[in-house]
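Listed below are the residues making up each chain.
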Amino acid sequence: MTAQPIDGNALAAKLRAHMATEVAALAAQGHTPGLTVLLVGEDPASQVYVRNKVKACEAIGMASRLERHPADMSEAALLARIQELNADPSVHGILVQLPLPKHLNADLVIETIAPEKDVDGFHIASAGALMVGQPGFKPCTPYGCMKMLEDIGCNPRGKHAVVIGRSNIVGKPMALLLLQASATVTICHSATPNLAELARQADILVAAVGRPRFVTADMVKPGAVVLDVGINRLPDGKLCGDVDFDAVKDVAGWITPVPGGVGPMTITMLLQNTLEAAQRRAST
Ligand SMILES: NC(=O)C1=CN([C@@H]2O[C@H](COP(=O)(O)OP(=O)(O)OC[C@H]3O[C@@H](n4cnc5c(N)ncnc54)[C@H](OP(=O)(O)O)[C@@H]3O)[C@@H](O)[C@H]2O)C=CC1
Ligand SMILES: Nc1nc(=O)c2c([nH]1)NC[C@@H]1CN(c3ccc(C(=O)N[C@@H](CCC(=O)O)C(=O)O)cc3)C=[N+]21
Ligand SMILES: [Mg+2]
């Protein structure tokens, strides 16, 4: 079997084209959606990501601002800046690029963002809303993965979904979204003794481990949908997912590539959340 590739760039383009019309409608009412991205320090990978986010906003007519701050910015100064952005009506979404320099408490920083501007979906209020099934911003990467399943016609209801990874920004919210969609969900992590055996039972397998080619062909059920969240930079500079794509594509039914899979969908759902934040604000 050769898996069908799930083209994240194509789905992203389709969704963004639709969003552009909604952005234009809001702009016509004087509510151009605005995203502010805060980058503290000079991490080179982060520089690339934040530039891509800002470009993606501009491409669909949103107003985006990138604020660079020095690596030694004090926590008090960062919190004060977030509070100013919380109070600024032209800013609908606030994203603080992670990781932050070690001297800054990332949890405290994220909790300082107003929940109605938390377009990353990382605030405790957003996490709590997701947990209890109330409306709130969903974390962009798992949200994008759900959109990919929808796009290929894969309804998780009644399926066994296995998520490898339990981080607060990917693995855990991914599992909650799949559960909400009535999948039977298994979450694996570094203390799971029989991970390969569990993975092999998955109709939907999500890899969010952060280890290049962690998921090998023997861990995949024939015909499974495999979503590869991993973004790993190899020594030669190339990007590589958490799935051994070349081997797994001969077993899976569907598979996302890296690059060109989940990554572009993460940015797309960030735009979606920012659009929603602006729509909510415009209707109040
Ligand atoms: N495509 C995109 O848009 C995005 C991609 N990413 C990428 O996704 C990957 C995961 O990100 P993130 O969730 O933040 O990573 P974290 O490092 O926060 O979490 C990794 C998870 O994988 C688990 N894990 C690590 N090693 C093993 C192992 N040997 N066996 C089983 N489980 C293991 C960890 O288990 P434990 O909890 O027990 O330590 C942890 O739960 C990274 O490659 C990251 O770059 C992240 C965000 C967005
Ligand atoms: N507050 C915060 N929110 C985030 O959402 C966030 C973050 N911090 N810190 C870093 C991670 C990582 N992340 C990616 C998003 C898109 C791609 C992406 O579009 N990747 C392209 C390739 C890009 C390239 O070539 O480097 C692709 O997969 O096709 C990758 C990684 C968001 N993150
Ligand atoms: Mg992490």
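Residues numbered from 1 in each chain as written. Chains lettered and ligands numbered in written order. Predicted model: local features only at pLDDT ≥ 70, side-chain atom pairs only at ≥ 80, totals over all residues. Heavy atoms only, no water.

## A word on the site of ligand 1
Near ligand 1 lie 21 residues; those nearest to it are Arg-166, Ser-167, Ser-190, Arg-211 and Thr-266. The contact in question runs from an oxygen atom of ligand 1 to an N or O atom on the side chain of Thr-141, over 3.5 Å. A distance of 2.6 Å separates a nitrogen atom of ligand 1 from a polar atom in the side chain of Arg-211. If you tally residues by element for the shell around ligand 1, the top one is helix α10 (residues 262-282), at three residues. For the shell around ligand 1, the class distribution of residues is nine nonpolar, ten polar and two charged. (Near = heavy atom within 4 Å. Polar contact = N/O pair within 3.5 Å; in protein donor to acceptor, adjacent residues only side chain to side chain. Helix = DSSP H or I, 4+ residues; strand = E, 2+ residues; numbered from the N terminus. Nonpolar A, V, L, I, M, F, W, Y, C, P; charged D, E, K, R; others polar.)

## Regarding the side chain of Thr-256
Its place among the elements puts Thr-256 in the loop between β11 (254-255) and α10. Among the polar contacts made by the side chain of Thr-256, one reaches the main-chain amide nitrogen of Asp-228 at a distance of 2.8 Å. In this view, Thr-256 contacts Ile-6, Met-148, Val-226, Leu-227, Asp-228, Phe-245, Gly-261 and Val-262; residues no more than four positions away in its chain are not counted. (Contact = heavy atoms within 4.5 Å.)

## Describing the packing of aromatic side chains
One pass over the structure, following the stated rule, counts zero aromatic pairs. Just above the ring of Tyr-143 sits the side chain of Lys-138; from NZ or CZ to the centre is 5.1 Å. Over the ring of Phe-137 we find Arg-280, and its NZ or CZ is 4.4 Å from the ring centre. (Phe/Tyr/Trp six-rings, centres within 6.5 Å; stacked < 30°, edge-to-face > 60°. Lys NZ or Arg CZ within 6 Å of the ring centre and 35° of its normal.)

## Observations regarding the confidence of the model for the protein
Averaged over all residues, the pLDDT of the protein is 97; the fraction at 70 or higher stands at 100%. Scored as a complex, the prediction yields pTM 0.98 and ipTM 0.98. (pLDDT = per-residue confidence, 0-100.)

## What to know about empty space enclosed by the protein
Inspection of the entire model under this criterion finds one cavity of 30 Å³ or more. Roughly 30 Å³ of internal volume is contained in the largest cavity. Taken together, Ile-94, Val-96, Ile-110, Ile-113, Asp-118, Asp-120 and Phe-122 form the lining of the largest cavity. A per-class count over the lining of the largest cavity returns five nonpolar, no polar and two charged. (1 Å grid on protein atoms, 1.4 Å probe; cavity = no way out; pocket = protein on both sides within 12 Å on 5 of 7 lines; lining within 4 Å. Points joined across faces, edges and corners; volume = space filled by probe spheres on them.)

## A few points about the environment of Glu-111
Within the secondary structure layout, Glu-111 lies in helix α4 (residues 106-112). What makes Glu-111 partly exposed here is its relative accessible area of 29%. Ignoring anything within four residues of it in the chain, the contact list for Glu-111 reads His-123 and Ile-124. (Buried < 20%, exposed > 50% of the residue type's maximum accessible area, 1.4 Å probe, protein only.)

## A few points about helix α5 (residues 124-132)
Buried residues of α5: Ser-126, Ala-129 and Leu-130, and no others. Buried residues in α5, looked at end-on, bunch into an arc of 100°, giving them a common side. Exposed side chains of α5 directed beyond 90 degrees from the buried face belong to Ile-124, Met-131 and Val-132. Taken together, the buried residues of α5 touch α7 (171-180). The first or second residue beyond α5 is Gly-133, which carries a positive phi of 80°. (Arc of directions from axis to C-beta.)

## Section: the pairing of strand β5 (residues 160-164)
Residues in a regular strand point their side chains to alternate faces of the sheet. Summarising burial for β5: five of the five residues are buried, a large majority. Side chains of β5 alternate between two faces, with His-160, Val-162 and Ile-164 and Ala-161 and Val-163 buried alike. Bridging between β5 and strand β6 (residues 184-188) involves five bridges; their strand directions are parallel. Bridge pairing in β6 links Ile-164 to Cys-188. Traced from β5 through α7 to β6, the parallel crossover comes out right-handed. Relative to strand β7 (residues 204-207), β5 is paired through four bridges, and the arrangement is parallel. By the bridge assignment for β7, Ile-164 is matched with Ala-207. (Pairing = 2+ DSSP bridges. Right-handed = clockwise from strand over helix to strand, strands pointing away.)

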